[in-house]
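Results of the structural survey
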Amino acid sequence: MKEFLGFGVAGNFANHLEQAGEANDFANVASDEEGAPKGIFPFYIPKDNTFLGRYCFDNKKIILPDDTSLKAQAEPEIGLECEVVYENNLVKDLIPKFFMAFDDASIRNDKSAVKLSQKKNFSCASKGCGFKIAIDKFEHGGICDNYSLTSFLLVDGKAYQYGDNAKLTNYSYFYGKLINWLIKKLNTQEDHAVLENIGDILKRANYPKNIIVAIGATSYTEFAESRFLQEGDEVCVVTYNHNIYSNEQIKSLLEQGVVGIKEGSIIRQEVIRI
């Protein structure tokens with residue numbers, strides 16, 4: 001994972017940006033159409049000489065920022081591991097190879113952050129991903145049709161619904177529409193408002209052959225919307241085959257301490273401060 005350039009998608013689930021207090025950040029960012037994601041942002045650039053060069057993946061824990069005034073929330077998402085095909089230093093194709101549960105934890109109240117990326121890589125354990133599930137075909141009729149995404153916060157061993165339980169096909173942009181949009185943004189997104197020039201970032205990363213894309217966080221439950229991460233919490237993000245499990249079964253399994261399931265991908269991250 002250390003060689004994979006990491007990007008996130010902003011605004012690919014209805015209501016998430018509003019709940020996260022970030023909707024105003026995109027007031028001057030034009031969308032391709034109503035309901036479209038707002039843009040993409042980097043959260044990890046391998047060997048970069050900025051804070052984004054800090055390796056930030058840890059699948060066992062989230063380390064809160066040194067500044068105790070900064071408040072963090074988990075962001076339950078699907079991560080796509082993709083192979084990138086270039087032509088003349090432009091992205092010609094993006095081929096999804098694996099999908100997985102993903103946590104793109106983010107700072108909410110950093111008033112000094114000018115770019116969205118400045119809220120993302122806040123420690124060496126601010127991202128996490130679960131078991132990688134191979135993609136047969138990233139289109140209707142493929143494996144992702146059968147999967148849902150859910151998340152819970154464990155507090156003193158009790159699981160509270162954190163992000164809404166949703167089928168992967170409920171993403172605003174998914175399958176070919178998402179891939180085509182990503183290719184367009186990778187090639188054309190400029191430095192504007194809270195977003196950055198992605199062509200410059202690809203060049204800084206020496207045009208990597210593989211990238212991880214966190215394709216957008218679900219909306220939050222009423223509990224999670226105002227509940228920031230605290231030391232001792234445990235964040236659980238799960239993508240699971242909804243033909244085999246129910247959301248309630250996943251909740252029960254997590255409370256029992258299960259760390260892996262058949263036909264699923266789980267992240268369990270203890271929240272700590274050092």
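Scroll up to find the structure this text is about.
Computed from a predicted structure; not experimentally measured.

With respect to the overall build of the protein chain
Counting secondary structure elements, the protein chain contains five helices and 15 strands. Taken over the C-alpha trace, the protein chain has a radius of gyration of 17 Å; the compact-globule value for 274 residues is 19 Å, and the two agree within 12%. When its C-alpha atoms are laid out on the principal axes, the protein chain stretches across 50 × 45 × 35 Å. Across the 274 residues that make up the protein chain, the buried fraction comes to 55%. In the protein chain, the 30 positive side-chain charges and the 38 negative ones have mean positions that sit 3 Å from each other.

Concerning the state of the cysteines
A complete count under the given rule lists zero disulfides for this structure. The thiol of Cys 82 is not disulfide-bonded; the next cysteine sulfur, from Cys 144, is found 11 Å away. The exposure class of Cys 82 is buried, given its relative accessible area of 0%.

Here's the deal with helix H5 (residues 247-255)
Turning to H5, its buried residues number three or more, namely Asn 247, Ile 250 and Leu 254. End-on, the buried residues of H5 take up no more than an arc of 55°, which puts them together on one face. Elements in contact with the buried residues of H5: strand S10 (147-155), strand S11 (158-161), strand S14 (234-241) and strand S15 (264-272). Just past H5, the residue Gly 257 takes up positive phi, approximately 95°.

Some details on helix H2 (residues 175-188)
Helix length check: H2 (14 residues) gives 20 Å between terminal C-alpha atoms against 20 Å at 1.5 Å per residue, within 8%. Among the residues of H2, those classed as buried are Tyr 175, Leu 178, Ile 179, Trp 181, Leu 182, Ile 183, Lys 185 and Leu 186. Close packing links the buried residues of H2 with strand S1 (5-10), strand S2 (39-44), strand S5 (76-87), strand S6 (90-104), helix H3 (198-204) and strand S13 (210-214).

A look at unusual backbone geometry
For Lys 47, which is not glycine, the phi torsion reads 65° and is therefore positive. When you line up the elements, Lys 47 lands in the loop between S2 and strand S3 (61-63). For Lys 47, a relative accessible area of 72% corresponds to the exposed category. The backbone of Tyr 175 sits at a positive phi, close to 50°, despite the residue not being glycine. As for its placement among the helices and strands, Tyr 175 is situated in helix H2. A relative accessible area of 5% means that Tyr 175 is categorised as buried.

Parameters at a glance
- Residues numbered from 1 in each chain as written.
- Predicted model: local features only at pLDDT ≥ 70, side-chain atom pairs only at ≥ 80, totals over all residues.
- Heavy atoms only, no water.
- Helix = DSSP H or I, 4+ residues; strand = E, 2+ residues; numbered from the N terminus.
- Rg over C-alpha atoms; globule rule 2.2 N^0.38 Å.
- Buried < 20%, exposed > 50% of the residue type's maximum accessible area, 1.4 Å probe, protein only.
- Lys, Arg positive; Asp, Glu negative; His and termini not counted.
- Charge placed at Lys NZ, Arg CZ, Asp CG, Glu CD.
- Disulfide = S-S within 2.5 Å.
- Arc of directions from axis to C-beta.
- Contact = heavy atoms within 4.5 Å.
- Expected span 1.5 Å × (residues − 1).

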